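Architecture and fold: a report
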Amino acid sequence: MNLKLHLSKAIFTSACLAMWTGYGTAPIPLMGMNFERDLADASLISAFKIQSISGTITDENGLPLPGATVLVKGTTNGTVTDLDGKFSLDVEDDAILQISYVGYLLKEVPTQGQSIFEIQLEPDATQLEEMVVVGYGTQKRSDVTGAIASVKSEDFNRGVITNPVDLLQGKIAGVNITSTSGEPGANQNVIIRGIGSLRSGTQPLYVLDGFLLDNANTGIASNPLNFLNPNDIESIDVLKDASATALYGSRASNGVVVITTKKGKAGNSQVNFSASNAWSSMAKQIDVFNADEFRRQVVAVGGALEDFGGNTHWQDELTQVGRSQDYNLSMSGANSERFSYFASLGYQEQEGILKNSELKRYSGKLNMNQKAFEGRLIVDYNLTASFTENLRPEIGSITSDMLYLNPTIPAYTDGEPTLLNTNALNPLKRNELYSDDAANNRILGAISPSFEIFDGLVYKVNLGVDYSNTARYIQYRPFTEVVNESNVSDGTLDELITANTNSLIENTLTYNWNNYQHNLTVLVGHSYQTFLDEFRRTSSRGFAANNIDPRYQDHNSTSEFPTTVNSSATRNELQSYFGRVNYTFKDKYLLTATLRADGSSKFGDNNKYGYFPSFALGWNLSKEDFMANSIFNNLKIRSSWGQTGNQEIPSKITKASFSEDRLATGGGSLNTYPIDTDGNTLDSYPYGIVFTRLANPNLQWEVSTQFDVGIDFAFMDSRLTGTLDYFNKVSSNILLEVVPADPVQPTSTFWNNIDNMKIFNSGIELALNYGNRPQQAFTYNIGGNITFIQNEVRDSPYSVLTTGAAQGAGQTGATINGYINNQPIGAFYMLQFDGIGEDGLNQFIDVNGDGEILDNDRVVVGSAIPKVIYGLNTHFRYKDFDLGLNFNGAAGNKIYNHTTMSLFTKAQLSRSNNTTDFAVQFPEESFNNANTVSTRFLESGSFFRLNNATLGYNLNPVRIGINNAFQAIRLSVTGQNLFVITDYTGFDPEVNTGATSAGIQTFGIDRFTYPRARTFMVNLNLTF
């Protein structure tokens, strides 16, 4: 029985009791009212007459509609149809039914005493036309002229997800998403249509509900987007070509990702609760020698075996089964068309597979929309708040320890981590002593009032602030038993405080005019955004070994261990004027033109503003009369050209900078001069002012120019849909910090635009989707995308601009990959390994034939950037069960296995450090052979992965009689990273841990990477 029926019965019973009491206490006066009382009683009984009804809901073709909502108007009494479109409900005899289904018009049906209904819904053309988020507005998909891909919440990747970008991996053509490691909340490289810059990295511009986010470091080691709760997101739109991105001007050269969060919807008010638990374990272990193999191999190579009698598998000892929890509660609804709301609270805890690795997030979200003055005034409120805690181990040390430590060393002695004979730190003890603990508070609030001045003309202002504050503590508790790691024996503490403030104010005017043939939309606007980034680092050393964390100890600076403080503050401003014209004629011929002028405080007075235009044309062929009987349900051709800018460079680099300098030793100086020419003490050398950076007011914006031509199509009653795009993107005016050609300069480097140098990216994108009718008992949907991309650096004045360099003793600085003329971006540039010679040393190919192996024998041997990226997703549903599978992969790229180069050598094995069989593949190799950067350590990065799989069951509350309490119940099981097919021998082929070289981003280097996990999750979703 529904709630109203219960209340009705209660009211009726109370009324009877009241009347009974009245008869007993005052019979004579009441008896004089018998006639009126009888009428009232009869009316009351009639009002609460209940009947059971049933029926079937069908579409325009008479096919059943499962999941249609049947609601008694003005009440919360309702249900949903089953797989056969059938429903049953208890209602009052004069009820009015409201039937709704996505893509169909709302229909009202009075019961009028009927008990069986056959109700057919009509399609709603306006709802069936998908709306796409574009810059500062939305458009019908059929009117879009740019390359825009959209993913809705029901199609997101599933599983333990901390970063919204993970929702998209493998879903969109032309978008390559790679995590830098398997750490919870790890940073990611997001590459949209190739890499077009040296300095700005690959990150696109992120826009959250109309607010332009800043990609600046927030002080927390994990991804700065982790403050967003993926459960709050309704859809993500990726703007790829210049026509779609040009309205955002600067920061849009790497593409734009528009994130739209959930809003309240008309109809039922809903409360949603979800809970999940997950377990993660190491997906792949590297096959190092076990203790017995190790003993044999060290002796076999003639090494000095150190046997401590143990049998320790360090990868098992230093990893764990990480448990994750995720709880979300949301409420949403709308009061007619005047007010809507969405509010949520979330808690997520994700343990990593390395011990002392954890990410926690507490999040809150509030979206409200209020309308007044007959809908002319609309006010949107958006508030996002989060508190994130990130605990990290010393990843590089732990990862290398688990791979190379002697397996005969017992993990524990007398219950305590064994002290290594070299007085080095047992990694189990390192986990006890070391911590990297960060706490971030972030709040983003925005208000966007808009007012329709007269029909078609709307003024809107967007005001918002994004504030982030992080306190991070990196410490070693003192441990005096270790003497060769002084930071451990003395104890250290680094305290890092970071604060970021991003303020935005935007004003726009939009005018819409249309008649039966013409549709015109004109947008003009102004944007002003300020960024303030503050940072302070305090480093201390020398703490008491009293089992109290250094962060909680008092500490005084001493002459032996002086405390150092470094701080900085950077303020930047960005002012923009922009406009866009959209024109449609007969819904067939489309035109879009945009222009944005951006002024940035990062540039000098001579080139402070950059101007970025774009143009696009579209033709809906399927709406032409001559296409009336064609096989196409939709066919549109579109083409665009445009430019976007890039200002992601360090602040103030166009301005001169100075510093104080003084002779440090008295033995001579290039920066200061003695007052007395015979002076030989510090007193004779006063402080001087020297240049640290030269002014360059002529520095110009980096520009990305892109051409795109695409086709959108649909066949077979729109069951097969797809897009095909060709793009060509050229980046020019490349910004780079360079070494001056003239050695007589007051500074060692300066910033400049590299004349004539260009970066080319071109490719083909194909996305297809096929599905049968959703009204059938068994439904399926199969989608896929593939991108072929080529990139090349041209007309560079440098033989090689190093992007990746080797690290470690005897290796630091050796080039691994870089930017090379007429070669792909991230080209690996090294010697070609040609086996081991008779002397036991490396042999390399003598490319130029001069009889010597020198730097000029290095060649390009592949690229870190894939030539092909692809994704495949399927979804099957049978009755109440469904199964979703998502695959992704890449091909044509290489990975430099720096871990192998550093650890798995014969020299390491001879010193009783563990290795893999890579170290013994050449029996004749000498212990003294150098691990030179070469193709010996270069591997294929191609892979094919089952990213996630979800099996779900939707329990119909009607069947078990709890539909008054619940609208929907769903149980699901998800597996992530279930398998990967690859030839790569490291932990995982999706990796990038190489060090940045001179501020230029590195790609395709694997060095002591946090291993990737395999995860299984169970989830419960309740809607009531």
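The structure under discussion appears in the preceding block.
Summary of the structure given here. (Residues numbered from 1 in each chain as written. Predicted model: local features only at pLDDT ≥ 70, side-chain atom pairs only at ≥ 80, totals over all residues. Heavy atoms only, no water.)

**Brief notes about the overall build of the protein chain**
Operational definition: Each helix corresponds to a stretch of at least 4 residues labelled H or I by DSSP, and each strand to a stretch of at least 2 residues labelled E; elements are numbered beginning at the N terminus. Working rule for contacts: check all heavy atoms of both residues, and any pair within 4.5 Å makes them a contact.
Along the backbone of the protein chain there are 12 helices and 53 strands. When contacts within the protein chain are restricted to residue pairs at least 6 apart in sequence, long-range pairs at least 24 apart make up 70% of them.

**Digging into the sheet that holds strand β1 (residues 50-58)**
The condition that has to hold: A pair of strands is treated as paired once DSSP finds two or more bridges between them. Every angle, taken between N-to-C directions, lies between 0 and 180 degrees, and every axis is a line fitted to C-alpha atoms, over only the stretch in contact when it is a helix.
If you trace the three strands from one edge of the open sheet to the other, you get β4-β1-β7, paired in mixed fashion. Strand pairing shows two members of the sheet lacking a second neighbour, β4 (86-92) and β7 (116-120), which therefore form its edges. The sheet shows a mean angle of 30° between the axes of neighbouring strands, direction not considered. As paired elements, β1 and β4 share seven bridges and run antiparallel to each other. Directly across from Ile 50, in β4, lies its bridge partner Glu 92.

**Quick look at unusual backbone geometry**
What counts here: Relative accessibility thresholds used throughout: buried, under 20% of the residue-type maximum; exposed, over 50%; partly exposed, between the two (1.4 Å probe, protein chains only).
Unusually for a residue other than glycine, Glu 374 sits at a positive phi of about 55°. Tracing the chain through its elements places Glu 374 in the loop between β20 (358-372) and β21 (377-392). On the basis of relative accessible area, Glu 374 is assigned to the exposed category, the value being 84%. The backbone of Asp 717 sits at a positive phi, close to 55°, despite the residue not being glycine. With respect to the helices and strands, Asp 717 occurs in the loop between β34 (702-715) and β35 (720-732). Look at Asp 717 and you get exposed, because its relative accessible area is 52%.

**Description of helix α6 (residues 291-300)**
So the rule is basically this: Arc definition: it is the arc formed by the directions from the helix axis to the C-beta atoms. Polar contact is the term for a pair of N or O atoms within 3.5 Å; when the atoms are in protein, one must be able to donate a hydrogen and the other to accept it, and sequence-neighboring residues count only if both atoms are side-chain atoms.
Taken together, the buried positions of α6 are Ala 291, Phe 294, Arg 295 and Val 298. Buried residues along α6 cover an arc of 100° about the axis, so they all sit on one side. Turned more than 90 degrees away from the buried face of α6, the exposed residues are Arg 296 and Ala 300. Elements in contact with the buried residues of α6: α12 (906-910). You can read the cap of α6 off the contacts: a side-chain oxygen lies 3.2 Å from the backbone nitrogen of Asp 292, and it is on Asn 290. Phi turns positive, to about 85°, at Gly 302, one or two residues after α6.

**So, the sheet that holds strand β3 (residues 78-80)**
Ordered in space as β3-β2-β5-β6, the four strands form an open sheet in which the pairing is antiparallel. Of all the strands in the sheet, the pair left with one neighbour each is β3 and β6 (107-110). Averaged over all pairs of adjacent strands, the angle between strand axes in this sheet comes to 20°, irrespective of strand direction. Judged from the four bridges that link them, strand β2 (residues 69-72) and strand β5 (residues 96-100) form a sheet pairing that is antiparallel. Its bridge partner lying in β5, Val 72 is registered against Leu 97.

**Some details on the pattern of salt bridges**
Convention followed: In what follows, salt bridge is the name for a side-chain nitrogen of Lys or Arg lying within 4 Å of a carboxyl oxygen of Asp or Glu.
Under the criterion given, the structure shown has 35 salt bridges. Note that Asp 708 and Arg 193 form a salt bridge whose closest N and O atoms lie 2.9 Å from each other. You can see Asp 708 sitting in strand β34 and its partner Arg 193 sitting in the loop between β12 (188-192) and β13 (205-208), a full 515 residues away along the chain. Taken individually, Asp 708 and Arg 193 each receive the classification buried, so the pair is uniform in this respect. Linking Arg 638 and Asp 712 is a salt bridge whose minimum nitrogen-to-oxygen distance equals 2.9 Å. In this pair, Arg 638 is assigned in strand β31 (residues 632-646) and Asp 712 in strand β34, connecting sequence segments 74 residues apart. An identical accessibility class is assigned to Arg 638 and Asp 712; each is buried. Within the structure, one salt-bridge network assembled from shared partners comprises Arg 193, Lys 240, Lys 636, Arg 638, Asp 708, Asp 712, Asp 725 and Glu 765.

**Section: the pairing of strand β38 (residues 758-771)**
Across 12 bridges, β35 lies against β38 in antiparallel orientation. What sits directly across from Asn 728, in β38, is Ser 762. Here 14 bridges tie β38 to strand β39 (residues 778-794), and the two strands are oriented antiparallel to one another. Each residue of the ladder has a partner; that of Ser 762, found in β39, is Gln 790.

**Observations concerning the environment of Gln 320**
Note on placement: Gln 320 falls in the loop between α7 (314-317) and β18 (322-335). Not counting chain neighbours up to four residues away, the residues in contact with Gln 320 comprise Ser 280, Ser 281, Glu 351, Gly 352, Ile 353, Leu 354 and Lys 355. A distance of 2.9 Å separates the side chain of Gln 320 from the backbone oxygen of Gly 352, its partner in a polar contact.

**Considering helix α8 (residues 395-404)**
The buried fraction of α8 is high, at seven of 10 residues. Within the sequence span of α8, burial applies to Ile 395, Ile 398, Thr 399, Ser 400, Asp 401, Met 402 and Leu 403. Each element contacted by the buried residues of α8 is listed here: β17 (270-282), α7, β21, α9 (427-433) and α11 (898-903).

**A closer look at empty space enclosed by the protein**
The cut-off we apply is this: In this analysis a 1.4 Å probe is tested at points of a 1 Å grid over the protein atoms alone, and where it fits but cannot get out there is a cavity; an open set with protein on both sides within 12 Å along at least five of seven lines is a pocket; lining residues have an atom within 4 Å of a point. Grid points are joined across faces, edges and corners, and a volume is the space filled by probe spheres set on the points. Residues are grouped as follows: Ala, Val, Leu, Ile, Met, Phe, Trp, Tyr, Cys and Pro are nonpolar; Asp, Glu, Lys and Arg are charged; every other residue, Gly included, is polar.
Applying the stated criterion across every chain, the model contains 16 cavities of 30 Å³ or more. For the largest cavity, the calculated volume is near 500 Å³. Val 160, Asp 166, Gln 350, Gln 976 and Arg 1012 are, among the 31 residues lining the largest cavity, the residues nearest its centre. The element best represented in the lining of the largest cavity is strand β50 (residues 943-955), accounting for three residues. The residue inventory of the lining of the largest cavity, partitioned by class, reads seven nonpolar, 17 polar and seven charged. Volume-wise, the second largest cavity comes out at about 320 Å³. Lining the second largest cavity are 31 residues, and of these Asn 176, Ile 177, Thr 178, Pro 866 and Glu 990 sit closest to its centre.

**Structural notes on the environment of Asp 166**
Tracing the backbone shows Asp 166 in the loop between β10 (148-152) and β11 (175-179). Distance from Asp 166 to Phe 156, taken between C-alpha atoms, is 8.7 Å for residues 10 residues apart in sequence. Not counting residues within four places of it along the chain, the set of residues in contact with Asp 166 comprises Asn 157, Ile 161, Ser 179 and Gln 188.

**Quick look at the nonpolar core**
Which entries qualify depends on this criterion: Here, nonpolar core means buried Ala, Val, Leu, Ile, Met, Phe, Trp, Tyr and Cys residues that are tied together by side-chain atoms lying within 4.5 Å of each other.
Within the largest apolar cluster, 52 residues are counted, with the highest numbers of intra-cluster contacts made by Leu 198, Met 402, Tyr 819 and Tyr 896. Secondary structure elements with two or more residues in this core: α8, β36 (735-738), β41 (815-819), β42 (827-830) and α11. It is α8 that contributes the most residues to this core, four residues altogether. Core analysis: the second largest hydrophobic core is formed by 40 residues, Val 134, Ile 148, Leu 225 and Ile 233 among them.

**Comments concerning the packing of aromatic side chains**
Applicable threshold: The pairing test for Phe, Tyr and Trp rings, Trp by its six-membered ring, is centres within 6.5 Å, and the orientation test on the planes gives stacked under 30 degrees, edge-to-face over 60, and tilted for anything in between.
One pass over the structure, following the stated rule, counts 23 aromatic pairs. A ring pair is formed by Tyr 347 and Tyr 362, whose centres lie 4.9 Å apart and whose planes are at 45°; its orientation type is tilted. Remark: Tyr 362 occurs in strand β20 and Tyr 347 occurs in strand β19 (residues 339-351); sequence separation between them is 15 residues. Measuring from ring centre to ring centre gives 5.8 Å for Phe 833 and Phe 922, while their planes differ by 65°; the resulting arrangement is edge-to-face. Remark: Phe 922 occurs in the loop between α12 and β49 (938-940) and Phe 833 occurs in strand β43 (residues 833-836); sequence separation between them is 89 residues. On the basis of relative accessible area, Phe 833 is assigned to the buried category, the value being 18%.

**Considering the pairing of strand β25 (residues 457-476)**
Here strand β24 (residues 434-454) runs beside β25; their pairing, made up of 18 bridges, is antiparallel. If you follow Phe 454 over to β25, its bridge partner there is Leu 457. Here β24 folds back onto β25 in antiparallel fashion, the turn holding two residues, of which Gly 456 has a positive phi close to 100°. With 20 bridges connecting them, β25 and strand β26 (residues 492-514) associate as antiparallel partners. Of the residues in β26, the one forming a bridge with Leu 457 is Tyr 511.

**Side note on the environment of Gly 525**
Mapped onto the secondary structure, Gly 525 falls in strand β27 (residues 518-541). Exposure remark for Gly 525: the relative accessible area of 13% places this residue in the buried category. Separated by 52 residues in the primary sequence, Gly 525 and Tyr 577 have C-alpha atoms spaced 5.9 Å apart. Those residues within four positions of Gly 525 in sequence are excluded, and the remaining contacts are Asn 507, Thr 508, Ser 576, Tyr 577 and Phe 578.

**Focus on the side chain of Thr 915**
Inspection of the secondary structure puts Thr 915 in the loop between α12 and β49. Not counting residues within four places of it along the chain, the set of residues in contact with Thr 915 comprises Val 288, Phe 289, Leu 903, Phe 904, Thr 905, Gln 908 and Leu 909.

**Describing the side chain of Ser 448**
Counting through the fold element by element, Ser 448 comes out in strand β24. Polar side-chain contacts of Ser 448 include one of 2.9 Å to the side chain of Asn 462. In contact with Ser 448, other than residues within four places in its own chain, are Ile 378, Val 379, Asp 380, Lys 460, Val 461 and Asn 462.

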